[in-house]
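Each chain, written out:
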Amino acid sequence: MTGRGRVTGRRRVTPVEWGYAAAWRLVRAMPRPVAAAVFRAGADRAHRRGGPGVRRLAANLRRVVGPDLPAAEFDLLARDAVRSYARYWMEMFRLPSLTRAQRLAAFHLAGADMLGAHVAAGQGAVVALPHAGNWDAAGAWVAANGWPLTTVAERLRPEGVYERFVAVRQRLGMEIIPATGGPRPPFDVLVDRISAGHIVPLLADRDLSARGVEVTFFGGRTRMPAGPALLALRTGAPLYVTTMWFEPDVAHGALDGPLPLPDPATGSLDERVRRLTQQVADRLATGIARHPQDWHMMQRLWLDEVPAAAGAGPG
(Lines give C-alpha, C1' and ligand atoms only; values in the text may rest on other atoms or scores of the structure.)
Protein backbone atom coordinates (compact mmCIF):
# COMPACT_ATOMS: atom_id res chain seq x y z
CA MET A 1 0.00 0.00 0.00
CA THR A 2 1.27 3.45 -0.88
CA GLY A 3 -0.07 6.94 -0.40
CA ARG A 4 -1.65 6.74 -3.87
CA GLY A 5 -3.27 3.33 -3.58
CA ARG A 6 -2.61 -0.39 -3.87
CA VAL A 7 -1.84 -2.28 -7.06
CA THR A 8 -4.32 -5.09 -7.69
CA GLY A 9 -3.50 -7.19 -10.76
CA ARG A 10 -2.46 -4.69 -13.40
CA ARG A 11 -4.41 -1.70 -12.14
CA ARG A 12 -3.70 0.59 -9.21
CA VAL A 13 -6.63 0.80 -6.79
CA THR A 14 -6.91 4.37 -5.52
CA PRO A 15 -7.99 5.49 -2.04
CA VAL A 16 -11.15 6.94 -3.59
CA GLU A 17 -12.09 3.55 -4.96
CA TRP A 18 -11.40 1.89 -1.63
CA GLY A 19 -13.61 4.50 0.02
CA TYR A 20 -16.56 3.71 -2.23
CA ALA A 21 -16.02 -0.03 -1.76
CA ALA A 22 -15.96 0.40 2.02
CA ALA A 23 -19.13 2.50 1.92
CA TRP A 24 -20.98 -0.17 -0.04
CA ARG A 25 -19.98 -2.79 2.56
CA LEU A 26 -20.53 -0.74 5.70
CA VAL A 27 -23.79 0.98 4.77
CA ARG A 28 -25.35 -2.29 3.65
CA ALA A 29 -24.47 -3.82 7.02
CA MET A 30 -26.15 -1.02 9.03
CA PRO A 31 -29.81 -1.09 9.99
CA ARG A 32 -31.54 1.45 7.76
CA PRO A 33 -32.47 3.84 10.63
CA VAL A 34 -28.84 3.92 11.75
CA ALA A 35 -27.56 4.55 8.23
CA ALA A 36 -30.17 7.28 7.70
CA ALA A 37 -29.15 9.02 10.93
CA VAL A 38 -25.46 8.88 10.03
CA PHE A 39 -26.02 10.32 6.56
CA ARG A 40 -28.35 13.03 7.85
CA ALA A 41 -25.79 14.10 10.43
CA GLY A 42 -23.15 14.23 7.70
CA ALA A 43 -25.46 16.29 5.50
CA ASP A 44 -26.11 18.79 8.27
CA ARG A 45 -22.38 19.11 8.89
CA ALA A 46 -21.76 19.69 5.19
CA HIS A 47 -24.51 22.32 5.09
CA ARG A 48 -23.03 24.19 8.03
CA ARG A 49 -19.56 24.14 6.48
CA GLY A 50 -20.89 25.47 3.19
CA GLY A 51 -18.27 24.03 0.87
CA PRO A 52 -18.17 24.70 -2.89
CA GLY A 53 -20.70 22.00 -3.79
CA VAL A 54 -23.16 23.17 -1.15
CA ARG A 55 -22.79 26.79 -2.27
CA ARG A 56 -23.40 25.79 -5.88
CA LEU A 57 -26.45 23.76 -4.90
CA ALA A 58 -27.82 26.76 -3.01
CA ALA A 59 -27.17 29.10 -5.95
CA ASN A 60 -29.05 26.74 -8.27
CA LEU A 61 -31.94 26.47 -5.83
CA ARG A 62 -32.19 30.24 -5.61
CA ARG A 63 -32.81 30.22 -9.38
CA VAL A 64 -35.68 27.80 -8.81
CA VAL A 65 -37.45 29.56 -5.95
CA GLY A 66 -36.62 33.14 -6.92
CA PRO A 67 -35.26 36.05 -4.88
CA ASP A 68 -38.31 36.62 -2.67
CA LEU A 69 -38.09 33.55 -0.43
CA PRO A 70 -36.84 34.84 2.96
CA ALA A 71 -33.30 33.95 3.90
CA ALA A 72 -34.27 31.77 6.87
CA GLU A 73 -36.69 29.72 4.80
CA PHE A 74 -34.19 29.43 1.99
CA ASP A 75 -31.51 28.18 4.39
CA LEU A 76 -33.87 25.40 5.52
CA LEU A 77 -34.54 24.53 1.88
CA ALA A 78 -30.80 24.33 1.17
CA ARG A 79 -30.28 22.16 4.26
CA ASP A 80 -33.08 19.83 3.17
CA ALA A 81 -31.55 19.60 -0.31
CA VAL A 82 -28.20 18.50 1.14
CA ARG A 83 -30.06 15.96 3.27
CA SER A 84 -31.86 14.71 0.17
CA TYR A 85 -28.56 14.29 -1.68
CA ALA A 86 -27.13 12.36 1.28
CA ARG A 87 -30.22 10.15 1.29
CA TYR A 88 -29.63 9.35 -2.38
CA TRP A 89 -26.14 8.08 -1.55
CA MET A 90 -27.32 6.13 1.48
CA GLU A 91 -29.99 4.37 -0.59
CA MET A 92 -27.59 3.84 -3.51
CA PHE A 93 -25.11 2.07 -1.25
CA ARG A 94 -27.90 -0.16 0.13
CA LEU A 95 -29.52 -1.05 -3.22
CA PRO A 96 -27.36 -4.13 -3.97
CA SER A 97 -28.46 -5.80 -0.73
CA LEU A 98 -32.19 -5.45 -1.42
CA THR A 99 -34.29 -8.35 -2.62
CA ARG A 100 -36.39 -8.00 -5.76
CA ALA A 101 -39.49 -7.47 -3.60
CA GLN A 102 -37.69 -4.75 -1.63
CA ARG A 103 -36.55 -3.00 -4.82
CA LEU A 104 -40.13 -3.00 -6.07
CA ALA A 105 -41.32 -1.55 -2.76
CA ALA A 106 -38.57 1.10 -2.62
CA PHE A 107 -39.88 3.15 -5.54
CA HIS A 108 -43.30 4.23 -6.76
CA LEU A 109 -43.93 5.49 -10.29
CA ALA A 110 -47.14 7.28 -11.20
CA GLY A 111 -47.95 6.38 -14.79
CA ALA A 112 -46.11 3.06 -14.68
CA ASP A 113 -48.92 1.45 -16.67
CA MET A 114 -47.85 3.50 -19.71
CA LEU A 115 -44.33 2.06 -19.62
CA GLY A 116 -45.71 -1.41 -19.01
CA ALA A 117 -47.92 -1.10 -22.08
CA HIS A 118 -44.94 -0.11 -24.23
CA VAL A 119 -42.92 -3.08 -22.98
CA ALA A 120 -45.83 -5.46 -23.57
CA ALA A 121 -46.13 -4.18 -27.14
CA GLY A 122 -42.38 -4.54 -27.74
CA GLN A 123 -42.07 -0.77 -28.15
CA GLY A 124 -39.12 1.16 -26.75
CA ALA A 125 -39.52 4.42 -24.85
CA VAL A 126 -37.24 7.33 -23.95
CA VAL A 127 -37.51 8.83 -20.45
CA ALA A 128 -35.84 12.16 -19.60
CA LEU A 129 -34.87 12.44 -15.93
CA PRO A 130 -33.58 15.19 -13.64
CA HIS A 131 -30.78 14.73 -11.12
CA ALA A 132 -33.43 14.44 -8.41
CA GLY A 133 -34.75 11.95 -5.91
CA ASN A 134 -33.25 8.52 -6.52
CA TRP A 135 -32.79 7.72 -10.20
CA ASP A 136 -30.89 4.52 -9.38
CA ALA A 137 -33.84 3.22 -7.33
CA ALA A 138 -36.02 4.04 -10.35
CA GLY A 139 -33.78 2.02 -12.66
CA ALA A 140 -33.65 -0.88 -10.20
CA TRP A 141 -37.45 -0.80 -9.98
CA VAL A 142 -37.83 -0.94 -13.77
CA ALA A 143 -35.42 -3.89 -13.95
CA ALA A 144 -37.16 -5.65 -11.04
CA ASN A 145 -40.38 -5.50 -13.06
CA GLY A 146 -38.59 -7.50 -15.74
CA TRP A 147 -38.57 -4.62 -18.22
CA PRO A 148 -35.42 -4.22 -20.35
CA LEU A 149 -33.54 -1.01 -19.53
CA THR A 150 -30.48 0.54 -21.15
CA THR A 151 -28.90 3.84 -20.17
CA VAL A 152 -25.70 5.83 -20.52
CA ALA A 153 -23.27 6.54 -17.69
CA GLU A 154 -20.70 9.32 -17.45
CA ARG A 155 -17.19 7.90 -17.34
CA LEU A 156 -16.01 8.82 -13.85
CA ARG A 157 -12.43 9.15 -12.69
CA PRO A 158 -10.73 7.19 -11.31
CA GLU A 159 -11.72 4.39 -13.67
CA GLY A 160 -12.17 1.95 -10.80
CA VAL A 161 -15.03 4.03 -9.37
CA TYR A 162 -16.79 4.02 -12.75
CA GLU A 163 -16.33 0.24 -13.01
CA ARG A 164 -17.81 -0.31 -9.55
CA PHE A 165 -20.87 1.80 -10.33
CA VAL A 166 -21.38 -0.03 -13.61
CA ALA A 167 -21.02 -3.42 -11.90
CA VAL A 168 -23.59 -2.52 -9.23
CA ARG A 169 -26.10 -1.26 -11.78
CA GLN A 170 -25.60 -4.29 -13.99
CA ARG A 171 -26.21 -6.61 -11.03
CA LEU A 172 -29.48 -4.76 -10.50
CA GLY A 173 -30.50 -5.60 -14.08
CA MET A 174 -29.58 -2.43 -15.98
CA GLU A 175 -27.50 -2.33 -19.15
CA ILE A 176 -24.97 0.51 -18.89
CA ILE A 177 -23.38 2.10 -21.95
CA PRO A 178 -20.32 4.33 -21.41
CA ALA A 179 -20.78 7.91 -22.58
CA THR A 180 -17.23 7.79 -23.99
CA GLY A 181 -14.69 5.10 -24.75
CA GLY A 182 -17.10 2.33 -25.74
CA PRO A 183 -16.75 0.08 -28.80
CA ARG A 184 -19.67 1.86 -30.55
CA PRO A 185 -21.11 5.37 -30.31
CA PRO A 186 -23.67 5.35 -27.49
CA PHE A 187 -26.36 6.92 -29.69
CA ASP A 188 -26.15 4.02 -32.15
CA VAL A 189 -26.44 1.49 -29.34
CA LEU A 190 -29.46 3.27 -27.89
CA VAL A 191 -31.20 3.33 -31.29
CA ASP A 192 -30.73 -0.44 -31.47
CA ARG A 193 -32.03 -0.95 -27.94
CA ILE A 194 -35.11 1.19 -28.56
CA SER A 195 -35.81 -0.85 -31.68
CA ALA A 196 -35.58 -3.96 -29.48
CA GLY A 197 -38.20 -2.57 -27.08
CA HIS A 198 -35.98 -1.27 -24.27
CA ILE A 199 -36.78 1.57 -21.92
CA VAL A 200 -34.02 4.19 -22.22
CA PRO A 201 -33.86 6.62 -19.26
CA LEU A 202 -31.45 9.52 -19.68
CA LEU A 203 -30.45 12.24 -17.24
CA ALA A 204 -31.44 15.36 -19.13
CA ASP A 205 -30.96 18.46 -16.98
CA ARG A 206 -27.20 18.91 -17.49
CA ASP A 207 -25.17 18.85 -20.70
CA LEU A 208 -21.77 17.16 -20.40
CA SER A 209 -20.61 17.82 -23.94
CA ALA A 210 -20.65 21.65 -24.15
CA ARG A 211 -22.44 21.01 -27.46
CA GLY A 212 -25.95 20.74 -26.06
CA VAL A 213 -29.10 22.56 -27.08
CA GLU A 214 -29.60 26.05 -25.65
CA VAL A 215 -32.89 26.29 -23.76
CA THR A 216 -34.61 28.62 -21.33
CA PHE A 217 -34.71 27.11 -17.85
CA PHE A 218 -36.04 28.97 -14.81
CA GLY A 219 -35.74 32.22 -16.70
CA GLY A 220 -32.11 31.82 -17.80
CA ARG A 221 -30.26 30.26 -20.69
CA THR A 222 -28.55 26.90 -20.28
CA ARG A 223 -27.64 23.89 -22.38
CA MET A 224 -29.30 20.51 -22.17
CA PRO A 225 -28.39 17.28 -23.96
CA ALA A 226 -30.00 16.69 -27.34
CA GLY A 227 -30.05 12.92 -26.81
CA PRO A 228 -33.61 12.38 -25.52
CA ALA A 229 -35.19 14.52 -28.25
CA LEU A 230 -32.96 13.18 -31.02
CA LEU A 231 -33.59 9.55 -30.06
CA ALA A 232 -37.34 10.09 -30.05
CA LEU A 233 -37.28 11.87 -33.42
CA ARG A 234 -34.97 9.33 -35.05
CA THR A 235 -36.84 6.24 -33.78
CA GLY A 236 -40.40 7.49 -33.31
CA ALA A 237 -40.30 6.20 -29.73
CA PRO A 238 -42.52 7.94 -27.16
CA LEU A 239 -40.68 10.52 -25.06
CA TYR A 240 -41.58 11.05 -21.42
CA VAL A 241 -40.29 13.42 -18.75
CA THR A 242 -40.20 12.23 -15.16
CA THR A 243 -40.49 14.21 -11.95
CA MET A 244 -38.45 12.60 -9.13
CA TRP A 245 -38.69 13.20 -5.39
CA PHE A 246 -38.54 11.60 -1.96
CA GLU A 247 -41.33 10.87 0.48
CA PRO A 248 -40.37 9.84 4.05
CA ASP A 249 -40.21 6.11 3.31
CA VAL A 250 -40.24 5.72 -0.48
CA ALA A 251 -38.67 7.39 -3.52
CA HIS A 252 -41.25 8.59 -6.05
CA GLY A 253 -41.47 9.42 -9.73
CA ALA A 254 -44.26 10.63 -12.00
CA LEU A 255 -44.28 10.24 -15.78
CA ASP A 256 -45.34 13.21 -17.90
CA GLY A 257 -46.11 12.56 -21.54
CA PRO A 258 -45.64 11.27 -24.07
CA LEU A 259 -44.56 14.62 -25.47
CA PRO A 260 -45.88 15.55 -28.90
CA LEU A 261 -43.12 15.10 -31.49
CA PRO A 262 -42.76 17.93 -34.03
CA ASP A 263 -43.88 17.04 -37.52
CA PRO A 264 -40.99 16.73 -40.03
CA ALA A 265 -42.74 19.28 -42.21
CA THR A 266 -42.38 21.95 -39.52
CA GLY A 267 -38.60 22.36 -39.76
CA SER A 268 -35.18 20.77 -40.07
CA LEU A 269 -34.09 18.04 -37.69
CA ASP A 270 -31.97 20.54 -35.73
CA GLU A 271 -34.94 22.88 -35.36
CA ARG A 272 -37.20 20.07 -34.19
CA VAL A 273 -34.58 18.87 -31.70
CA ARG A 274 -34.37 22.41 -30.29
CA ARG A 275 -38.14 22.71 -29.90
CA LEU A 276 -38.51 19.28 -28.34
CA THR A 277 -35.58 19.84 -25.96
CA GLN A 278 -37.24 23.07 -24.81
CA GLN A 279 -40.38 21.06 -24.06
CA VAL A 280 -38.26 18.68 -21.99
CA ALA A 281 -36.70 21.63 -20.14
CA ASP A 282 -40.12 23.14 -19.41
CA ARG A 283 -41.48 19.92 -17.96
CA LEU A 284 -38.33 19.25 -15.96
CA ALA A 285 -38.65 22.75 -14.52
CA THR A 286 -42.27 22.13 -13.53
CA GLY A 287 -41.32 19.00 -11.63
CA ILE A 288 -38.25 20.53 -9.97
CA ALA A 289 -40.31 23.53 -8.85
CA ARG A 290 -42.74 21.17 -7.13
CA HIS A 291 -39.93 19.41 -5.22
CA PRO A 292 -36.93 21.76 -5.16
CA GLN A 293 -35.45 20.16 -2.05
CA ASP A 294 -34.88 16.92 -4.00
CA TRP A 295 -32.97 18.43 -6.94
CA HIS A 296 -29.31 17.48 -6.58
CA MET A 297 -27.63 19.87 -9.00
CA MET A 298 -24.17 20.78 -7.72
CA GLN A 299 -22.71 22.07 -10.98
CA ARG A 300 -22.97 25.39 -12.76
CA LEU A 301 -25.84 25.37 -15.26
CA TRP A 302 -26.67 28.85 -16.48
CA LEU A 303 -24.66 30.49 -19.22
CA ASP A 304 -24.90 33.96 -17.67
CA GLU A 305 -22.89 32.85 -14.62
CA VAL A 306 -19.14 33.29 -14.55
CA PRO A 307 -17.16 30.04 -14.23
CA ALA A 308 -15.46 31.24 -11.05
CA ALA A 309 -18.82 30.99 -9.27
CA ALA A 310 -19.13 27.29 -10.01
CA GLY A 311 -18.97 24.75 -7.23
CA ALA A 312 -16.89 21.60 -7.30
CA GLY A 313 -19.35 19.19 -5.72
CA PRO A 314 -19.97 15.71 -7.10
CA GLY A 315 -22.75 15.14 -9.61
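Note that the structure is predicted; figures quoted are calculated from it, not measured.

Calculation notes
Residues numbered from 1 in each chain as written. Predicted model: local features only at pLDDT ≥ 70, side-chain atom pairs only at ≥ 80, totals over all residues. Heavy atoms only, no water. Core = buried A, V, L, I, M, F, W, Y, C linked by side-chain atoms within 4.5 Å. Buried < 20%, exposed > 50% of the residue type's maximum accessible area, 1.4 Å probe, protein only. Helix = DSSP H or I, 4+ residues; strand = E, 2+ residues; numbered from the N terminus. Contact = heavy atoms within 4.5 Å. Salt bridge = Lys/Arg side-chain N within 4 Å of Asp/Glu carboxyl O. Axes fitted to C-alpha atoms, helices over the stretch in contact; angles between N-to-C directions. Parallel < 35°, antiparallel > 145°, perpendicular 65-115°, else oblique. Left-handed = near helix turned anticlockwise from the far one by under 90°. Nonpolar A, V, L, I, M, F, W, Y, C, P; charged D, E, K, R; others polar. Pairing = 2+ DSSP bridges. pLDDT = per-residue confidence, 0-100. Phe/Tyr/Trp six-rings, centres within 6.5 Å; stacked < 30°, edge-to-face > 60°.

1. A few points about the nonpolar core
Thought 1: Grouped together as the largest cluster of nonpolar side chains are 87 residues, with contacts concentrated most on L115, F217, V280 and W295.
Thought 2: When residues in this core are grouped by element, the largest group, 12 residues, is from helix 4 (residues 71–94).
Thought 3: Setting aside chain neighbours within four positions, we find W295 in contact with L57, N60, L61, V64, H131, A132, D205, F217, I288, L301 and W302.

2. Re the side chain of S84
Thought 1: The topology assignment puts S84 in helix 4.
Thought 2: Residue classification places S84 among the buried residues on the basis of a relative accessible area of 5%.
Thought 3: Beyond its immediate stretch of four places on either side in the chain, S84 contacts F246, Q293, D294 and H296.

3. Some thoughts on the pattern of salt bridges
Thought 1: Using the criterion set out here, one finds 13 salt bridges in the structure.
Thought 2: The salt bridge partner of E91 is R32, with a shortest N-O separation of 3.0 Å. One end of the pair, E91, is in helix 4; the other, R32, is in helix 2 (residues 32–49), with 59 residues separating them in the sequence.
Thought 3: The closest approach of N and O atoms between R83 and D44, which form a salt bridge, is 2.8 Å. A residue pair is termed long-range when its members are at least 10 positions apart, and R83 in helix 4 and D44 in helix 2 qualify at 39 residues.
Thought 4: Of the residues examined, R83 reaches a relative accessible area of 18% and is grouped as buried.
Thought 5: The network of salt bridges with common partners includes R56, R63, D304 and E305.

4. Observations regarding the packing of helix 9 (residues 186–195) against helix 10 (residues 227–235)
Thought 1: Running from N to C, helix 9 and helix 10 point in directions that differ by 50°, and their axes come no closer than 11 Å. Put simply, helix 9 runs oblique to helix 10. Judged by the twist between their axes, the crossing of helix 9 over helix 10 is right-handed. Here F187, L190, V191 and I194 of helix 9 come into contact with helix 10, specifically with L230, L231, R234 and T235.
Thought 2: Partitioned by chemical class, the residues of the contact of helix 9 with helix 10 number six nonpolar, one polar and one charged.

5. A closer look at the pairing of strand 11 (residues 251–256)
Thought 1: In terms of strand pairing, strand 3 (residues 107–110) meets strand 11 through four bridges, oriented parallel. Residue H108 lies in a different strand from strand 11, and its bridge partner there is H252.
Thought 2: Relative to strand 11, strand 10 (residues 239–246) runs antiparallel, the two being bridged by six bridges. Bridge pairing in strand 11 places T243 opposite A254.
Thought 3: Between strand 10 and strand 11, which pair antiparallel one after the other, the connecting turn spans four residues.

6. A look at the side chain of H47
Thought 1: Within the secondary structure, H47 is located in helix 2.
Thought 2: Apart from residues no more than four positions distant in its own chain, H47 is found in contact with V54, D75, A78, R79 and V82.

7. Digging into the confidence of the model for the protein chain
Thought 1: When the pLDDT values of the protein chain are averaged, the result is 91; 93% of them are 70 or greater.
Thought 2: Per-residue pLDDT stays below 50 along residues 1–9; that stretch engages in 17 contacts with residues further than four places along the chain or on separate chains.

8. A short note on the environment of A153
Thought 1: Along the polypeptide, A153 turns up in strand 5 (residues 150–153).
Thought 2: A relative accessible area of 8% means that A153 is categorised as buried.
Thought 3: Among residues more than four places away in sequence, those in contact with A153 are Y162, I176, I177, P178 and A179.

9. Let's talk about the sheet that holds strand 3
Thought 1: The strand order across the open sheet built from five strands is 3-11-10-4-7, with neighbouring strands paired in mixed fashion. Edge positions in the sheet fall to strand 3 and strand 7 (199–203), since each of these pairs with one other strand and no more. With direction set aside, neighbouring strand axes in the sheet form an average angle of 25°.
Thought 2: Its contacts with the sheet place helix 4 against strand 10 and strand 11, and it is angled at close to 100° to strand 10.

10. Some thoughts on helix 10
Thought 1: All of the buried residues in helix 10 are P228, A229, L230, L231, A232 and L233.
Thought 2: Packing partners of the buried residues in helix 10 comprise strand 4 (125–129), helix 9, strand 7, strand 10 and helix 11 (269–290).
Thought 3: Just beyond helix 10, the residue with positive phi is G236, at close to 80°.

11. Quick look at the packing of aromatic side chains
Thought 1: What the rule picks out here adds up to 18 aromatic pairs.
Thought 2: Geometrically, the ring pair formed by Y20 and W24 is tilted, given 6.3 Å between the ring centres and 45° between the ring planes. Of this pair, Y20 and W24 both sit in helix 1 (residues 15–29), separated by four residues, roughly a single helical turn.
Thought 3: For W24, a relative accessible area of 5% puts it in the buried group.
Thought 4: For the pair F218 and W295, a centre-to-centre distance of 6.5 Å together with 40° between the ring planes defines the contact as tilted.

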